[in-house]
Amino acid sequence: MRRQGHHRLHAKQGVVKGMVGRLSIAVLVLLICTVSLMFSSSSSGTSRSGNRSEIKVEELWRSADAGGWRPSSAPRSDWPPPPARSESNGFLRVRCNGGLNQQRSAICNAVLAARIMNATLVLPELDANSFWRDESGFYGIYDVEHFIKTLRFDVRIVEHIPEIRKKGRMKKIKAFQLRPPRDAPINWYTTVALEKMKEHGAIYLTPFSHRLAEEIDNSEYQRLRCRVNYHALRFKPHIMKLSQSIVDKLRSEGHFMSIHLRFEMDMLAFAGCLDIFTPQEQAILKKYRKENFAPKVLDYNQRRAIGKCPLTPEEVGLILHAMGFDNSTRIYLAAGELFGGNRFIEPFRTLFPRLENHSSVEHTDELVENARGLAGSAVDYMVCLLSDIFMPTYDGPSNFANNLLGHRLYYGFRTTIRPDRKGLAPIFIDRENGRKAGFDEAVRRVILKTNFGGPHKRVSPESFYTNSWPECFCQSSPQNPADKCPPDDVVQVLSSHLESEDTDDFKSLTTSLNSTIPELFLLASS
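Computed from a prediction, not measured in an experiment: that's the story for all the values here.

(A) Looking closely at helix α8 (residues 237–251). With 15 residues, α8 ought to run about 21 Å at 1.5 Å a step, and its terminal C-alpha atoms sit 21 Å apart, in line with that. Those residues of α8 that sit buried are Ile239, Met240, Leu242, Ser243, Ile246, Val247 and Leu250. When α8 is viewed along its axis, its buried side chains cluster within an angular range of 165° and face the same direction.

And the structure:
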């Protein structure tokens, strides 16, 4: 027979154990909640990480969080000087086709190709016919002297193939013409191209757009591309001066945003997005497509549903409105002639009446004289580069937006808004069908998943020219020693091989290649 007291003791012990158990669970739950709250707080603090729960417009006017990274395309390892004239394997000529930005990436590839082949680069030719019908060429757009001087540690550059004495007479070397494969690997240049160069003394690569693979497993080669793109390729002083004047006027009233509104005949015809236009307009687009692009059956509804159509001006306005931008926002439009007339731009202007372009901001004769063809595209490029926020509506390979996104990343991680057209398509289609409830919230959810201009991993199909991180960036206090910034005298080390150069030039170039703000952005004052 069990004693009553003993039974009560066990009962009390059971109660105590139960209380302790419940208390332990409560403490554990409290601990989990606290950790979760701390983690949530920490996550919301990284405002540009893509983990935001809301869009704060005031934050977007500032540059993205750099995470300790800064641009630097200076070499990190032994980088021999270019060959002496007597040691060069020959001369490389290229013809860069397409628009301004397609030509720009082609110039970067040409410099790298010359380096790979141990060749002397002839100043690249810019196609005058296929796009702008602009005869100004390299001399009319870029600062040639600056280009050659900045790259003197990388490649030897001449303005023309020199004449040679042969059989007692001066004769110009005739370059052997080659058509490189698209996205040719390095070994094509070190075998096929180099063999012809040694045989003929010079080769001429045409056309030269997308003719060298972008993903190369050699960080020094990739950094050379950045030195060309972000340091050597500086527009001529009059273009820089005009661009700065426009930026100053836009910024005189505060922040401004730039948008590359790709709603032009060539892009609409290429994309096959015709159904929103009148029968007469569709006929024009079909004719342009037949004359300029390969035959292909394109279904508008299917193309639209997968995000292959450029955003309409109204859709751009609706996105910005959903994000929280108000009608006082000043917007600079970089675009050619919008197809379809005012009926497409008016809904955008109703939402955001402060729309500008270079003609509306700058009314001087200087603009008319200096903003034609390639030069006009160059002015738009610089204004978009220097704007507080940049938004492309269609960022295809090597086009205006593609290069600008990479340039703004290099220029201190300046804010970009990159709408996910595929993610937004069903939201816009629902709206057109009358289902407007929750539209703004749905747009914000899609936008919050995108990157706002901070360091991020490059994932195909993103181009190296869109995102040169991490190759062309460094950290002063890195966790990974490979990311450490090079010494400030890195160019001085390279210059030891070139004794004839002036010391002051070395110092100025060193500053340029290792500075946070590359010298490209020091706009000409005269």
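Next comes the rest of the write-up.
(B) Geometry of the state of the cysteines. Applying the stated criterion to the full structure yields 3 disulfides. At a sulfur-sulfur separation of 2.0 Å, the disulfide partner of Cys273 is Cys309. Sign of the S-S torsion, about -95° for the bond between Cys273 and Cys309, identifies this disulfide as left-handed. Of the two residues, Cys273 is situated in the loop between α9 (265–271) and α10 (279–292) and Cys309 in the loop between α11 (300–305) and α12 (313–323); the sequence distance between them amounts to 36 residues. Sequence-ordered numbering of the bonded cysteines in the protein gives a pairing of 1-4, 2-3, 5-6. Just so you know, Cys108 is unpaired, no disulfide at all, and the nearest cysteine sulfur is the one on Cys226, 8.1 Å from it. Cys108 gets classed as buried once you look at its relative accessible area, which sits at 0%.

(C) Region of the structure containing the sheet that holds strand β10 (residues 257–260). Sheet architecture is open: 5 strands sit in the order β12-β11-β10-β13-β14, paired in parallel fashion. Every interior strand has two partners, whereas the edge strands, β12 (355–356) and β14 (415–416), have only one. As paired strands, β10 and strand β11 (residues 331–334) are joined by 4 bridges and run parallel to one another. From the neighbouring strand, Ile259 faces β11, where its bridge partner is Leu333.

Definitions and limits used
- Residues numbered from 1 in each chain as written.
- Predicted model: local features only at pLDDT ≥ 70, side-chain atom pairs only at ≥ 80, totals over all residues.
- Heavy atoms only, no water.
- Helix = DSSP H or I, 4+ residues; strand = E, 2+ residues; numbered from the N terminus.
- Expected span 1.5 Å × (residues − 1).
- Buried < 20%, exposed > 50% of the residue type's maximum accessible area, 1.4 Å probe, protein only.
- Arc of directions from axis to C-beta.
- Disulfide = S-S within 2.5 Å.
- Pairing = 2+ DSSP bridges.

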